[in-house]
Structure formats: structure tokens, C-alpha cells
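The lines below spell out each chain.
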Amino acid sequence: MNENHRFCTGRMIVNLNRFRLFLAVAACKIAIWGSKLLGKKGSSMPGQLALKIYPGVLRDLAAQVKREIIVVCGTNGKTTTNNLLYSFLASRGYSVVCNKVGANMLYGVCCAFAADASVFGKLDADFACMEVDEASCVKVFAHMKPNKMILTNLFRDQLDRYGEIDITVDYLKRALALVPDTELILNGDDPLVAQFGENTKRKCYYMGVDEDVGVSLNETKEGRFCVMCGERLEYEYYHYSQLGKFHCPSCGFARRALDFRVSGVSLCDGLEFQLEYQGHIVPFDVHYRGFYNIYNIVLSYAAAVLAAGEIPDYAGVLARYQPQIGRMEEFQIGKKIVLNLSKNPAGFNQAISTVGKDERPKDILIAINDNAQDGKDISWIWDVDFERMNGIGVRNFIVSGIRADDLALRMKYAGIEQERMTKAYGLKEAAQALASGGGEIGYALVNYTAVFRMQDILKELEKEAENLE
């Protein structure tokens with residue numbers, strides 16, 4: 001084959017790929033439009049269609065990002081951390097691709113890129129912020145190479161899908177082996193996350209809360225033993241689950257020096273703390289609920305600073321930020337109703353802690369489904385410290401969802417009196433019972449597939465309440 005023939009063949013392949021990229025992006029956009037007409041999100045299936053038409057679509061679009069691709073991974077807090085990161089970067093005037101609705105598997109990531117591209121496959125983006133499911137990282141990293149990766153935490157979640165934590169850790173190790181130059185921004189308080197900074201040449205940054213905030217619970221801890229040698233870890237103090245200032249008395253594995261250090265924490269009215277990094281001291285005072293949100297805020301802020309420099313309007317970004325579905329989302333239905341996604345023991349325990357800080361008389365709805373997206377194995381509910389709900393001023397408990405019977409049994413063993421508990425299999429019936437309860441405020445703590453339906457129901461009830469006024 002002579003040089004001219006090879007050149008012509010190469011040009012034909014390039015032109016064919018450009019045409020396939022055009023077809024893939026166009027088909028994805030049409031599918032997104034059609035899905036939304038049908039009342040669906042259109043955040044995943046269109047990406048599957050695009051990849052089927054042209055397997056290189058994500059690779060080609062990701063290669064057009066001008067500055068950095070940043071991936072957010074971990075069990076809890078991915079969506080909030082990713083969307084805050086997007087908001088921080090956008091506040092600087094950057095164009096940012098982001099899968100804001102949380103479609104975090106390969107098809108969802110592909111769909112987010114295609115949605116932001118022109119119909120001709122041109123992407124004008126300075127950054128990409130992508131939330132990626134832990135088990136999907138290997139597939140996603142085969143198509144795109146992130147410059148930075150945030151790891152929020154690692155807890156047991158969807159046991160029949162992920163199994164125990166060591167399986168999730170293995171997924172992440174295999175994914176990171178594909179991208180040896182990716183820098184890591186790690187929750188240094190979590191030994192299961194901190195291990196990714198050990199025995200590696202890649203650049204790693206650590207954040208953590210460098211004081212005892214007094215929020216520790218007597219709860220199941222995922223990382224009780226050293227990941228390096230197997231000895232039981234010792235702690236100077238816990239924050240929650242396995243997060244805290246840890247060290248191994250046998251091999252010396254310990255929390256690293258913090259590049260982003262949180263101190264001066266107050267949880268009295270929202271979240272107040274200061275962040276020290278690179279010679280800066282930055283105060284934060286936000287009206288968010290939940291100690292765990294300190295990690296979400298600081299990890300996203302750290303990534304934004306490392307990628308783009310200082311964020312002058314960080315306070316304004318936090319004040320304007322609207323949580324995604326079920327992240328302490330508020331509704332007015334005669335009284336305030338707060339909807340929160342709680343899908344594993346760590347998430348539920350933190351939600352219970354947050355609810356417990358509200359001193360008003362309250363009603364609580366708990367709904368658990370066991371659809372495929374939730375995980376069929378719900379044995380984890382026995383690791384949730386429901387017993388603590390006895391002393392936080394709850395007037396009425398409503399249990400709901402597909403596994404309402406299991407919840408009712410768990411509540412019985414938690415010492416919840418039967419006269420204070422209502423079982424409502426239908427989510428709408430449960431929401432109505434919550435709204436009509438005698439408490440001054442209502443909290444709905446629900447798992448993954450229940451949260452979307454519950455949001456729709458609460459919006460509907462809120463509109464009905466507005467029409468009656």
C-alpha cells in the first residue's frame with residue numbers, strides 16, 4: 001500500500017467518524033426531546049443510543065474539553081458535590097458540561113456530553129464535571145480520562161449489586177489503573193478513601209474536619225480494620241460511621257496531613273466553619289442542614305480552587321444553590337415538609353442526626369422500596385440506629401413503600417410504640433398522613449426509587465394546598 005492510498009484511507013475513516021459523530025449526537029438530542037415529551041428525564045437512554053450509533057462518541061466529545069474533566073465518585077454526596085462544583089466553576093464564567101440530574105453510569109455521562117454539544121458534534125466547554133457511579137468508573141474511564149477525581153466516602157450500599165466494600169474498592173482500583181495521571185481529591189477522614197493515596201505516584205490532596213465536633217454516634221462502622229495490615233484502627237475522635245481522625249497502631253497507616261483543613265465548626269444554625277488551605281483562611285456560613293454537607297461543600301470547593309483558582313463569589317454560589325431531588329428539599333403543605341434521600345445506614349443515620357437537631361414536634365415518614373435500582377437486599381435497615389428516634393420529639397411515624405412490613409417490624413424492635421406508627425403501603429397515602437400529622441414539621445426519609453415518586457406527590461399536594469388558600 002503506497003503513501004497516497006494510506007492517506008486517502010485515513011481521510012475516509014476520519015470523515016466517516018465525523019459523520020457517525022454527527023448522527024450519534026443528533027439521535028441523542030432527538031431522543032432527549034422525545035423522552036421529555038413523554039414525561040421522562042431523557043438522561044440515560046439517549047446516551048445508550050448515541051454509543052450504539054458511534055462507540056467513539058464520548059471519547060471524541062470529551063477530547064474537546066479545553067481545560068479539565070473532573071469526576072466525582074463515592075457512595076454518598078456525589079450529586080450535591082458534583083453540582084456544587086459545577087456552580088463554583090460556572091460562577092467564574094466558565095462553560096461547564098455536567099450531568100446535573102445524577103445519571104451517573106456510562107450512558108448518562110455520554111448523554112450529558114452529547115446534550116451540550118452542537119448537532120455537528122462540536123463541544124465548546126472549558127470544564128466537565130461528571131458524577132460517576134463507582135461500579136461504572138471502569139467503563140467510563142475507557143472512554144475519557146479525567147484530570148481530577150473527587151472521592152467523597154465509601155459505605156455499604158445496594159448489597160446485592162456491590163456486595164461488601166472491598167468489591168467497590170476493587171472497582172475503583174481497576175478504574176484508576178486506567179488513568180495513572182489523574183489527580184485525587186480525597187476525604188482524608190475516611191480510611192477507606194484515604195487508602196487510594198497510599199503507595200501511588202499520583203498527586204493526591206486531602207480534606208478533613210480537624211477537630212472533634214461532638215457528633216459521633218454508636219453506629220456500625222464500615223472501616224473498623226486497617227486496609228493495609230488488618231489490625232483494628234484506633235481513633236482520636238469519630239465524626240460518623242468510619243470517618244474521623246484514625247491511625248493504625250500496627251503499621252502506621254493514619255490520616256494524612258490535610259491540604260484543606262476544616263475547623264471552628266458550629267452546627268447551631270446551619271453550618272458554620274472555616275477552611276484553611278494554601279495559606280488562605282476562608283469562612284463559611286451556610287443555611288444547609290447536616291454535618292455531612294461540610295464534606296460536600298469543601299470537596300467541591302477544593303476541586304474548583306485547584307482547577308480554576310480562587311472562587312470570589314463562593315458564598316453567593318452556596319446561597320443560591322438549589323438542592324437536587326430529595327436533598328433536604330422543602331415543601332409547604334399546611335406545614336413544612338422536608339424530603340431527603342436516605343439509601344443506606346450511613347445516610348439514614350446522618351438524616352436522623354439532622355432531624356434530631358430540629359427541636360420542634362415532628363412527624364416522620366420512612367419509605368423503603370426494593371426495586372432493582374434500590375437493591376433487593378434490605379437487611380441493612382437493621383444497621384440503622386432507628387432507636388435514636390425515640391428521643392427526638394417525634395409524634396407520629398409513618399412507614400411506607402414496598403417493604404413497609406419490614407420497616408414496621410424494625411420500628412417495633414427499635415421501641416417505637418405501635419400507637420404512634422401508621423403503615424401506609426401507598427406513597428400518596430403516606431404523604432397525606434405526614435402532612436396531616438400533629439407535628440409542626442414533617443420529614444420524609446425515603447430510598448432511591450421512592451424519592452422521585454414522593455417528590456411528585458409532595459408537589460401535587462403543595463399545589464392543592466396553594467389552591468385552597
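Position labels on residues start from 1 in each chain and follow its written sequence. The predicted origin of the model limits local features to residues at a pLDDT of at least 70 and limits the giving and counting of side-chain atom pairs to 80 or more, whereas totals for whole chains, interfaces and linings rest on all residues. Each side-chain value is worked out from all heavy atoms of the structure, with water and hydrogens disregarded.

### Focus: the sheet that holds strand E9 (residues 260-266)
Pairing between sheet strands relies on hydrogen bonds along the backbone, with the strands arranged either parallel or antiparallel.
Right, so step 1: Two strands pair if DSSP finds at least two bridges between them. In this text, helices come from DSSP runs of H or I with a minimum length of four residues, and strands from runs of E with a minimum of two, each type numbered from the N-terminal end. Read from one edge to the other, the open sheet built from 9 strands follows the order E2-E3-E1-E4-E5-E6-E9-E10-E11, with strand pairing classed as mixed. Strands at the two margins of the open sheet, each flanked by one partner only, are strand E2 (96-98) and strand E11 (280-286). Ignoring which end each strand starts from, the neighbouring axes of this sheet average 15° apart.
Right, so step 2: For strand E1 (residues 68-73) and strand E3 (residues 127-131), the ladder comprises 5 bridges, and the chain directions are parallel. Bridge assignment links Glu-68 to a residue of E3, and that residue is Phe-127.
Right, so step 3: Contacts from helix H10 (residues 293-308) reach E1, E3, strand E4 (148-151), strand E5 (183-187), strand E6 (204-209), E9, strand E10 (271-277) and E11 within the one sheet, and its direction differs from that of E10 by about 35°. Angles run from 0 to 180 degrees between N-to-C directions of axes, and those axes are lines fitted to C-alpha atoms, restricted for helices to the stretch in contact. Contacts are residue-level and defined by heavy atoms, with any inter-residue pair within 4.5 Å sufficient.

### Here's the deal with the domain arrangement of the protein chain
Right, so step 1: Domains are outlined according to an automatic or database domain assignment. For the protein chain, the assigned domains are domain 1 (69-89 + 133-320) and domain 2 (329-468).
Right, so step 2: On a C-alpha basis, the centres of domain 1 and domain 2 stand 28 Å from each other.
Right, so step 3: On the side of domain 2, 26 residues touch domain 1, which itself brings 19 residues to the contact.
Right, so step 4: Surface buried jointly by domain 1 and domain 2 totals about 1,700 Å² across both partners, of which 45% is contributed by carbon and sulfur atoms.
Right, so step 5: In what follows, salt bridge is the name for a side-chain nitrogen of Lys or Arg lying within 4 Å of a carboxyl oxygen of Asp or Glu. At the boundary of domain 1 with domain 2, the tally comes to 1 salt bridge.
Right, so step 6: A salt bridge links Glu-330 to Arg-289, with the shortest nitrogen-to-oxygen separation between them at 3.0 Å.
Right, so step 7: Definition of a polar contact: a pair of N or O atoms within 3.5 Å, with one able to donate and the other able to accept a hydrogen when the atoms are protein atoms, and with sequence-neighbouring residues admitted only if both atoms are side-chain atoms. Summed over the shared surface of domain 1 and domain 2, the number is 4 residue pairs in polar contact (both at pLDDT 80 or more). The term buried area means the drop in 1.4 Å probe accessible area that two parts suffer when joined, counted for both and summed.

### Describing the packing of helix H14 (residues 427-435) against helix H15 (residues 448-468)
Right, so step 1: At a minimum axis separation of 10 Å, H14 and H15 run at an interaxial angle of 55°. Between H14 and H15, the angle falls in the class oblique. In this structure, the crossing between H14 and H15 has a hand that is right-handed. On H15, the residues that touch Leu-427, Lys-428, Ala-431 and Gln-432 of H14 are Ala-450, Arg-453, Met-454, Ile-457, Leu-458, Glu-460 and Leu-461.
Right, so step 2: Residues are sorted three ways: Asp, Glu, Lys and Arg are charged, Ala, Val, Leu, Ile, Met, Phe, Trp, Tyr, Cys and Pro are nonpolar, and all the rest, Gly among them, are polar. Looking at the contact of H14 with H15 residue by residue, the class counts come to 7 nonpolar, 1 polar and 3 charged. We call two directions roughly parallel when the angle between them is under 35 degrees, roughly antiparallel when it is over 145, roughly perpendicular when it lies between 65 and 115, and oblique otherwise. With the far helix as reference, a near helix turned anticlockwise by less than a right angle produces a left-handed crossing, and one turned clockwise produces a right-handed crossing.

### Digging into helix H4 (residues 78-91)
Right, so step 1: The span you would expect from a helix comes to 1.5 Å times its residue count less one. The end-to-end C-alpha separation of H4 is 20 Å, in line with the 20 Å expected for 14 residues at 1.5 Å each.
Right, so step 2: With respect to burial, H4 is a largely interior element, 11 of its 14 residues being buried.
Right, so step 3: Relative accessibility decides the category of a residue: with a 1.4 Å probe and only protein chains considered, values under 20% of the type maximum give buried, values over 50% give exposed, and everything between is partly exposed. When H4 is considered as a whole, its buried residues turn out to be Lys-78, Thr-79, Thr-80, Thr-81, Asn-82, Asn-83, Leu-84, Leu-85, Ser-87, Phe-88 and Leu-89.
Right, so step 4: Buried positions along H4 lie against E1, E2, E3, E4, H10 and helix H11 (314-320).
Right, so step 5: Gly-93, located one to two residues past H4, shows a positive phi value of around 90°.

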